[in-house]
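Analysis of the macromolecular model
Here is how the chains run, residue by residue.
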Protein chains: 2
Amino acid sequence: MSIEHTILAVLSFWPSTGYNIKSEFEHKAAGLYWGMSYGSIYPKLKKLEKEGFIYAIEQEDEGRKKKKYELTAKGWKEFENWLKTPPPFPVIKDELLMKMSTWHEDMDNDVLISHLFKRKEEATDILKFVQEWPRNGYSFVSRLGCLSIRYAEMKLETEIKWIEESIEVLQNNNLPVGQDPHGNTEKLLNRRRMAIGGEKGNFQ
Amino acid sequence: MSIEHTILAVLSFWPSTGYNIKSEFEHKAAGLYWGMSYGSIYPKLKKLEKEGFIYAIEQEDEGRKKKKYELTAKGWKEFENWLKTPPPFPVIKDELLMKMSTWHEDMDNDVLISHLFKRKEEATDILKFVQEWPRNGYSFVSRLGCLSIRYAEMKLETEIKWIEESIEVLQNNNLPVGQDPHGNTEKLLNRRRMAIGGEKGNFQ
DNA sequence: TTAGTCATGTAACGCGTTACATGATTAG
DNA sequence: CTAATCATGTAACGCGTTACATGACTAA
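All values reported here derive from a predicted model rather than from experimental measurement. (Residues numbered from 1 in each chain as written. Chains lettered and ligands numbered in written order. Predicted model: local features only at pLDDT ≥ 70, side-chain atom pairs only at ≥ 80, totals over all residues. Heavy atoms only, no water.)

1. Some remarks on the overall build of chain A
Here is the rule: In this description a helix means any DSSP run of H or I spanning at least four residues, a strand means any run of E spanning at least two, and both kinds are numbered starting from the N terminus. Three exposure classes are used, based on accessible area relative to the maximum for each residue type with a 1.4 Å probe and protein chains only: buried under 20%, partly exposed in between, and exposed over 50%. The criterion used for residue contact is that any of the two residues' heavy atoms lie within 4.5 Å. The convention is simple: Lys and Arg are positive, Asp and Glu are negative, and His and the chain ends are not counted. Charge coordinates come from a single atom per side chain, which is NZ of Lys, CZ of Arg, CG of Asp or CD of Glu.
When helices and strands are tallied, chain A shows eight helices and two strands. Traced from its N-terminal end to its C-terminal end, chain A shows the element sequence α-α-α-β-β-α-α-α-α-α. On the principal axes, the C-alpha backbone points of chain A span a range of 70 × 40 × 40 Å. Counting the 204 residues in chain A, one finds 49% classified as buried. Taking as baseline every contact in chain A between residues at least 6 positions apart, the subset at least 24 positions apart corresponds to 55%. The positive charge centre, built from 30 side chains, and the negative charge centre, built from 31, are 6 Å apart in chain A.

Structure, rendered in structure tokens:
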């Protein structure tokens, strides 16, 4: 998904400056929006203006000079056509999952458990924020925005539940059986021990 | 997360060729792994070899010449140190959520509903695959891999449940109330109508 | 007065993809 | 024989970030 359309989407709420757009993303990182840097924002704003999707309103607002951008008719069209195009299935790149599924039996499970505890804390923090968001009294949350937030909530609750289950299973040594028709678990450990064998003493 | 570590992780399972690594990701895109292109893989393999993390075994296997790569002691170390470093909280960029929360009341809800139906189908397909994976009889799924897969399952089930709820709410015009202390919903519609006002006739 | 935040911008760089180039083997 | 799959690679490009540069206003 392009930064350009994200910017148009933010501007659809209200006219904003580049600085504004960045801060808009700072706290709403709950999976509904995602951050971008000034190095992307300002050049894109210029580009979008040059192409006629937005226009600048130079202001001397509150003693500070700023450049607020607003959508043009062309900008609204582009934004709404983007809304209408079916969104692609999201690619999730979760290092925790990757690490968990490539963790092996010569590794200390306690380290993995500490990863899970850390993730639980992070998820809990975001969940709290997400739950308060539509009731904090000042943020604008549209009726459909509410539905999106509901999704973030459900997903985080599921994640926390999974983490708790996983920690329990790991601590009680109660792991599921898996599937290993070619004895790969053992092969892996043998290959590893073979590789590091010569330096058994100093292998951390 | 770097491609390098992902490659080391794949090689930890079994020695593989560049082609192998790519195909490994083709079907396991369930959120546990993610794809990469030959344009990344081959140069990275060379780099990793040069740096002593992996070494090549040139083979004339099954009538085909291939270059299988295997981890060195240094490679195992690097891989395991990576496993031990706490994974960052994943950034989820879901265009569907972004579109839903910036959808506005002058847009046709049926289009949004069609997006949701499409997503439901995709999620259902992946869920089916994920559920069969640890029981298909041939894939290697470690005991911890099983836990990761369980997460993918739970997440997809939650997603599907949310989609079903959302479709229902949209079809019965039963949306939640939201939060709009500054009358932004109306302001937005006014700004939009103002912007496109001059060309009401031909605005698609 | 000084640290923080509001505010705008650019240049260099990193990272990964797309597209291209090549060729052998195998299944229909 | 021909399309698909196995197999390896490179060059150009797109996209976005990091780091840097600048400056004004504001609250402690």
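There's more to say after this.
2. Considering the pattern of salt bridges
All names here are of chain A. To be explicit about the condition: Each salt bridge in this description consists of a side-chain nitrogen of Lys or Arg and a carboxyl oxygen of Asp or Glu lying within 4 Å of one another.
Overall, the coordinates contain 26 salt bridges over all chains when judged by the stated rule. Its salt-bridge partner being Arg-192, residue Asp-106 comes within 3.0 Å of it at the nearest N-O pair. Pair noted here: Asp-106 is in the loop between α5 (95-102) and α6 (109-132) and Arg-192 is in helix α8 (residues 184-196), with a separation of 86 residues, a long-range link. By relative accessible area, which is 30% here, Asp-106 ends up partly exposed. What emerges from the salt-bridge pattern is a single network uniting Asp-94, Lys-118, Arg-119, Glu-122 and Glu-159.

3. What to know about the relation of the copies chain A and chain B
Quick note on the threshold: Superposing the copies works by least squares over the C-alpha atoms of residues that have pLDDT at least 70 in both of them.
Of the transformation superimposing chain A on chain B, the axial component is 0.0 Å and the angular component is 180°, with the fit at an RMSD of 0.0 Å. Interpreted geometrically, this transformation is the action of a two-fold axis.

4. As for the environment of A:Ala152
Residues and elements named next belong to chain A. By the secondary structure assignment, Ala-152 is in helix α7 (residues 143-171). Looking at Ala-152, the relative accessible area reads 3%, which means it is buried. Spatially, the C-alpha atoms of Ala-152 and Leu-127 are 7.8 Å apart, while their sequence positions differ by 25 residues.

5. Some details on the interface of chain A and chain B
Basically, it comes down to this: Note: buried area is the sum, over both parts, of the accessible area (probe 1.4 Å) each one loses when the two are combined. Counted as a polar contact is a pair of N or O atoms within 3.5 Å, where, for protein atoms, one must be capable of donating a hydrogen and the other of accepting one, and residues adjacent in sequence contribute only when both atoms are in side chains.
At the junction of the two partners, chain A supplies 102 residues and chain B supplies 102 residues. Contact between chain A and chain B buries roughly 9,900 Å² in total, counting both sides, with carbon and sulfur atoms accounting for 64%. Linking chain A to chain B there are four salt bridges. B:Arg191 is the salt-bridge partner of A:Glu70, the closest N and O atoms lying 2.8 Å from each other. Our count for the chain A to chain B interface comes out at 45 residue pairs in polar contact (both at pLDDT 80 or more). Contributions of two or more residues to the side of chain A that touches chain B are made by α1 (3-13), β2 (64-71), α4 (73-84), α5, α6, α7 and α8 of chain A. Looking at the side of chain A that touches chain B, the element that brings in the most residues is α7(A), giving 19 residues.

6. Focus on the environment of A:Arg192
The exposure class of A:Arg192 is buried, given its relative accessible area of 7%. With 120 residues separating them along the chain, A:Arg192 and A:Thr72 place their C-alpha atoms 61 Å apart.

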